[in-house]
Every structure is written in C-alpha cells, then in structure tokens.
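Overview (structure and organization)
Chain residues, written in single-letter form:
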Amino acid sequence: MNMNPHPLDVILQSSRPTLPVPLHGSLGEMTEDGDRLLLASNGIFMEVRRPWVHASVRIAAPLPVAVPWGKARAFTKLICGQPPQHLLMQFICFARQVSPLECAAILTWREDGTWKLRILESEFATDSYLKFVRPALDEGEHFVVDVHSHGKYDAFFSDTDDIQDSNGELKIAGVYGFVSRSVPLVSWRFCNNGLLSPAFSSIEVMLEAIN
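Keep in mind that what you see is a predicted model, and the values were worked out from it rather than measured. (Residues numbered from 1 in each chain as written. Predicted model: local features only at pLDDT ≥ 70, side-chain atom pairs only at ≥ 80, totals over all residues. Heavy atoms only, no water.)

So, about unusual backbone geometry. Of note, the bond from serine 99 into proline 100 is cis; its omega dihedral lies within 30 degrees of zero at 15°. With respect to the secondary-structure elements, proline 100 resides in the loop between helix H2 (85-98) and strand S6 (104-109). Backbone geometry at phenylalanine 178 places phi at a positive 50°, although glycine is not the residue there. On the secondary structure map, phenylalanine 178 appears in the loop between strand S11 (170-177) and strand S12 (185-192). The class for phenylalanine 178 is partly exposed, based on a relative accessible area of 21%. (Helix = DSSP H or I, 4+ residues; strand = E, 2+ residues; numbered from the N terminus. Buried < 20%, exposed > 50% of the residue type's maximum accessible area, 1.4 Å probe, protein only.)

The structure is reproduced here in structure tokens:
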C-alpha cells in the first residue's frame, strides 16, 4: 500500500505514535517522556511517561475482528513514590481552618526526592464553589497532586471538577469531604490526557494510608 503522508501529519503522529503490540516478540520499554498508543488484542491502550509517573490505561475495547496483535496491560507506577503523609495532613488542617469554605492545593515533586505543598490562593470561595490561582512552577518542579476540599460536604468529584480535570493534564486528583471529622472522607482519581480513571488500584493503595 502506497502512502504519501503530509509533513504535518508526520509531525503530529510522531508526537504520539501508534504501535501494534507484537504477538510473538516484545514491545520496547518506554524509557523517555512522552505518550504512545498501543494497538493490542485486548483493546487500545494509552501509555504515558513523565519524570514522576509511568502508566498505561485501556481507552477502548478490543476490536470486533481478529487482529495480529499481542496483549497489553494496564498499570500505574509512581516513580516519585508515595506523596508524603505530613503534607496531606497539613492540607487537611488548613481545610479545617477555612471550612465550610472550599480550598485547594497542589503537591509538587523534584527528581531529588523533594516534595512541596502549595496552598492555592482563592479568588472566590464558598461552601460549594472555588476559583483559585495556580502558581507557576519553578524549574525542575513537577506537578503531581491536585487536591481540594468540600468542607462540610461529601468527598465526590463534581461536574465542575470533571471539566477542570478533563483539560489534558496528567495528575492525581483528590477531594476531601467532611473535613471536620477526625478521619475525613477522600476520593482519588488519575487524570490522563482528559481521561478520568478512578480504578487505578496501585494509586489507591498508595494513598489509602494517607486518607
């Protein structure tokens, strides 16, 4: 089959290549930062790698025809390790102070292992709405966790949260509810290029201990 690809298509497709998973051989490990789509017999997967995370998630069901591809697997590896418990506890303490108003923060990570909690400045906050200012990151600082509070309400992702988390960022998103309780409720999810995945068990396990 002859093809005459447009130069712009070559550039676009090289930024997120599509690769068939070998049925008999092996697919080379993704060692550099970037994204790639994997065509597999058990579905279509998106694999991403950043300095802090390496993950693969199935984004489409298997094709309804026989394909000459091998299987892919879903996984999440937090290269940065577990977000520090004391930083999330600091956020919970702050959320209790401002409750019933909502508040937000981000956790960032450097490749030397340093974590930082940044409480976000609120432009407008009520007990059910929050508009905040996200600061520019310093050189070498990676945005990992995006967390906010629901004050006296339950821990759930609202329609507004869904819109904000679907903007294409790669991050862990969390929301704390009933923050005045001794043990607040919390929900976590992985946001991957607009995909919102609550079922990333490895992230859930890592974060269960810091609820």
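For the structure shown, the criterion picks out 14 salt bridges. Where arginine 118 meets glutamate 141, a salt bridge forms, and the shortest distance between an N and an O atom there is 2.9 Å. Of this pair, arginine 118 sits in strand S7 (residues 115-119) while glutamate 141 is found in the loop between strand S9 (130-133) and strand S10 (142-149), placing the two residues 23 residues apart along the sequence. Glutamate 141 shares its class with arginine 118; the two are buried. Between arginine 134 and glutamate 169 there is a salt bridge, and its shortest N-O distance comes to 2.4 Å. Pair noted here: arginine 134 is in the loop between S9 and S10 and glutamate 169 is in the loop between helix H3 (159-165) and S11, with a separation of 35 residues, a long-range link. By relative accessible area, arginine 134 is classed as partly exposed at 30%. Salt bridges sharing common partners tie together Arg134, Asp146, Asp162, Asp165, Glu169, Lys171 and Arg189. (Salt bridge = Lys/Arg side-chain N within 4 Å of Asp/Glu carboxyl O.)

Attention shifts here to the confidence of the model for the chain. Per-residue confidence for the chain gives a mean pLDDT of 89, with 92% of residues at or over 70. When the elements of the chain are averaged for pLDDT, helix H4 (residues 201-208) gives the smallest value, 46, and S6 the largest, 97. Contacts from residues 199-206, a stretch scored under 50 in pLDDT, to residues over four places away or in other chains number 14 contacts. (pLDDT = per-residue confidence, 0-100. Contact = heavy atoms within 4.5 Å.)

Before going further, it helps to examine the pairing of strand S4 (residues 53-60). As paired elements, strand S3 (residues 43-50) and S4 share 7 bridges and run antiparallel to each other. By the bridge assignment for S4, arginine 49 is matched with histidine 54. In textbook terms, the turn of a hairpin is the stretch between consecutive antiparallel strands, and for S3 and S4 this stretch comprises 2 residues. Pairing of S4 with strand S5 (residues 75-78), which is carried by 4 bridges, proceeds in the antiparallel orientation. Each bridged residue has a counterpart across the sheet, and for valine 53 the counterpart in S5 is leucine 78. (Pairing = 2+ DSSP bridges.)

Moving on, we come to the layout of surface pockets. Looking at the largest pocket, its volume works out to about 310 Å³. What lines the largest pocket is a set of 23 residues, among which Glu102, His148, Ser158, Asp161 and Gln164 lie closest to the centre. Where the lining of the largest pocket is concerned, the elements lending two or more residues are S9, S10, H3 and S11. Broken down by element, the lining of the largest pocket gets its largest block of residues, 4 residues, from H3. Split by residue class, the lining of the largest pocket holds 8 nonpolar, 8 polar and 7 charged. The computed volume of the second largest pocket comes to approximately 240 Å³. As for the second largest pocket, its lining consists of 13 residues, and the residues nearest its centre are Leu27, Leu38, Glu47, Arg73 and Phe75. When the residues that make up the lining of the second largest pocket are grouped by side-chain class, the tally is 5 nonpolar, 3 polar and 5 charged. (1 Å grid on protein atoms, 1.4 Å probe; cavity = no way out; pocket = protein on both sides within 12 Å on 5 of 7 lines; lining within 4 Å. Points joined across faces, edges and corners; volume = space filled by probe spheres on them. Nonpolar A, V, L, I, M, F, W, Y, C, P; charged D, E, K, R; others polar.)

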